[in-house]
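Residues per chain are reported as follows:
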Amino acid sequence: MKKLRLYLETSLFGFYFDDDAVNAEKRKAVRTLFEQIKQGMMEGFVSGLVIGEPGKSPPAMLENFMGIIKDSGIREYESDEDEAEALAEKYLSEEVVPASVGNDAVHVALATVGSST
């Protein structure tokens, strides 16, 4: 049986580090998910967009972010960027994804057209 393959978008990593009590349940769920990926119960993937988004973060946060990716065995998707961009624009024009969260349309498109490396 094939393992479940999950595209992991940037906000999951945010919840991993979120110490706010209001997000305690989300933090616990995300940490459980990452542990399940690490144990091989499912496969986790990120796009170059996910890897690039924390680039403006403080070095320590970036190091932690990249450490989770490495330690959990999360791999990078390769995507046809032109195809993903065209699909994201379609998602926005058809209002599948609201314009207010336009970057999410890119994540959905990358997950749709991507393939694992």
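Use the structure listed above.
All of these numbers come straight from a predicted model, not from anything done at the bench.

*Asks:* Now, about a negative patch on the surface: what can you tell me, with residues and values included?
*Replies:* On the surface, Asp80, Glu81, Asp82, Glu83, Glu85 and Glu89 cluster together into a negatively charged patch. In this structure, glutamate 81 sits in helix α5 (residues 81-93). Look at glutamate 81 and you get exposed, because its relative accessible area is 62%.

*Asks:* Residues and numbers for the packing of aromatic side chains, please.
*Replies:* Tallied over the entire structure, the rule returns six aromatic pairs. Considering the side-chain rings of phenylalanine 13 and phenylalanine 34, the 5.1 Å spacing of their centres and the 75° angle between planes classify their relative orientation as edge-to-face. Taken together, the residues span a long stretch of sequence, with phenylalanine 13 in helix α1 (residues 10-17) and phenylalanine 34 in helix α2 (residues 24-38) at a distance of 21 residues. Both residues of the pair, phenylalanine 13 and phenylalanine 34, belong to the buried class. Here tyrosine 16 and phenylalanine 34 contribute two aromatic rings whose centre-to-centre distance is 5.7 Å and whose plane-to-plane angle is 35°, an arrangement assigned as tilted. Within this pair, whereas tyrosine 16 is found in helix α1, its partner phenylalanine 34 is found in helix α2, the two being separated by 18 residues in sequence. Connected via pairs of aromatic rings, a cluster forms that spans Phe13, Tyr16, Phe17, Phe34 and Phe65. Cation over ring: arginine 31 sits above tyrosine 16, and NZ or CZ is 4.7 Å from the ring centre.

*Asks:* Kindly report on the pairing of strand β2 (residues 43-46), identifying the contributing residues and their values.
*Replies:* Note that strand β1 (residues 5-7) and β2 share three bridges and pair parallel. Bridge assignment links tyrosine 7 to a residue of β2, and that residue is phenylalanine 45. Pairing of β2 with strand β3 (residues 75-78), which is carried by two bridges, proceeds in the parallel orientation. Looking across to β3, one finds that phenylalanine 45 is bridged to arginine 75.

*Asks:* Mind laying out the nonpolar core, listing which residues take part and the relevant values?
*Replies:* Grouped together as the largest cluster of nonpolar side chains are 24 residues, with contacts concentrated most on Leu8, Phe13, Phe34, Val46 and Ile74. Mapped onto this core, the elements with two or more residues apiece are α2, β2, α4 (59-72), α5 and α6 (102-113). Ignoring anything within four residues of it in the chain, the contact list for isoleucine 74 reads Leu8, Phe13, Phe34, Ile37, Gly44, Phe45, Val46, Ile68 and Ile69.

*Asks:* Could you give an account of the side chain of asparagine 23, with specific residues and numbers?
*Replies:* Structurally, the position occupied by asparagine 23 is in the loop between α1 and α2. Apart from residues no more than four positions distant in its own chain, asparagine 23 is found in contact with Phe15 and Asp18.

*Asks:* How would you summarise the packing of α2 against α4 if you had to cite specific residues and measurements?
*Replies:* Here α2 crosses α4 at 40°, and the two axes come no closer than 8 Å. Relative to α4, the element α2 lies oblique. Between α2 and α4, the contacting residues are Phe34, Ile37 and Lys38 on the first element and Ile68, Asp71 and Ser72 on the second.

*Asks:* Tell me what's going on with the environment of methionine 42, and back it up with residues and numbers.
*Replies:* Looking at where methionine 42 falls in the secondary structure, it is placed in the loop between α2 and β2. Residue methionine 42 is classed as buried on the basis of its relative accessible area, which comes to 12%. Once the C-alpha coordinates of methionine 42 and lysine 3 are considered, the two residues, 39 residues apart in sequence, prove to be 5.2 Å apart.

Rules of the game
- Within every chain, residues take consecutive numbers counted from 1 along the sequence as written.
- Restriction of local features to residues with pLDDT of at least 70 applies here, the model being predicted, together with a cutoff of 80 or more for giving and counting side-chain atom pairs; totals for whole chains, interfaces and linings are based on all residues.
- Heavy atoms throughout the structure, all of them, feed into the side-chain values; hydrogens and water do not.
- Like-charged residues within 9 Å of one another, or nonpolar side chains (Val, Leu, Ile, Met, Phe, Trp, Tyr) within 5 Å, are grouped into patches, provided each residue has over 30% relative accessible area and no salt bridge.
- Each accessible area value is a Shrake-Rupley result obtained with a 1.4 Å probe; residue values ignore everything except the protein chains displayed when judging cover.
- Any Lys or Arg side-chain nitrogen located within 4 Å of an Asp or Glu carboxyl oxygen qualifies as a salt bridge.
- Here Asp and Glu are counted as negative and Lys and Arg as positive; His is not counted, and neither are the chain ends.
- Note that the charge is assigned to NZ on lysines, CZ on arginines, CG on aspartates and CD on glutamates.
- The secondary structure listing takes helices from DSSP runs of H or I that are at least 4 residues long and strands from runs of E that are at least 2 residues long, numbered from the N terminus.
- Between buried and exposed lies partly exposed: a residue is buried under 20% and exposed over 50% of the maximum accessible area for its type, with that area taken using a 1.4 Å probe on protein chains only.
- Pairing of aromatic rings covers Phe, Tyr and Trp, the last counted by its six-membered ring, and requires centre-to-centre distances within 6.5 Å; plane angles under 30 degrees mean stacked, over 60 mean edge-to-face, and any other angle means tilted.
- Geometrically, a charge over a ring is one whose NZ (Lys) or CZ (Arg) sits within 6 Å of the ring centre while staying within 35 degrees of the ring normal.
- Two strands make a pair as long as DSSP finds a minimum of two bridges between them.
- By convention a nonpolar core is built from buried Ala, Val, Leu, Ile, Met, Phe, Trp, Tyr and Cys residues, the set being connected through side-chain atoms within 4.5 Å.
- The contact criterion used throughout is that any non-hydrogen atoms of two residues lie within 4.5 Å.
- The convention used is that axes are lines fitted to C-alpha atoms, helices contributing only their stretch in contact, and that angles between N-to-C directions extend from 0 to 180 degrees.
- Roughly parallel here means an angle under 35 degrees, roughly antiparallel means over 145, roughly perpendicular means 65 to 115, and every remaining angle is called oblique.

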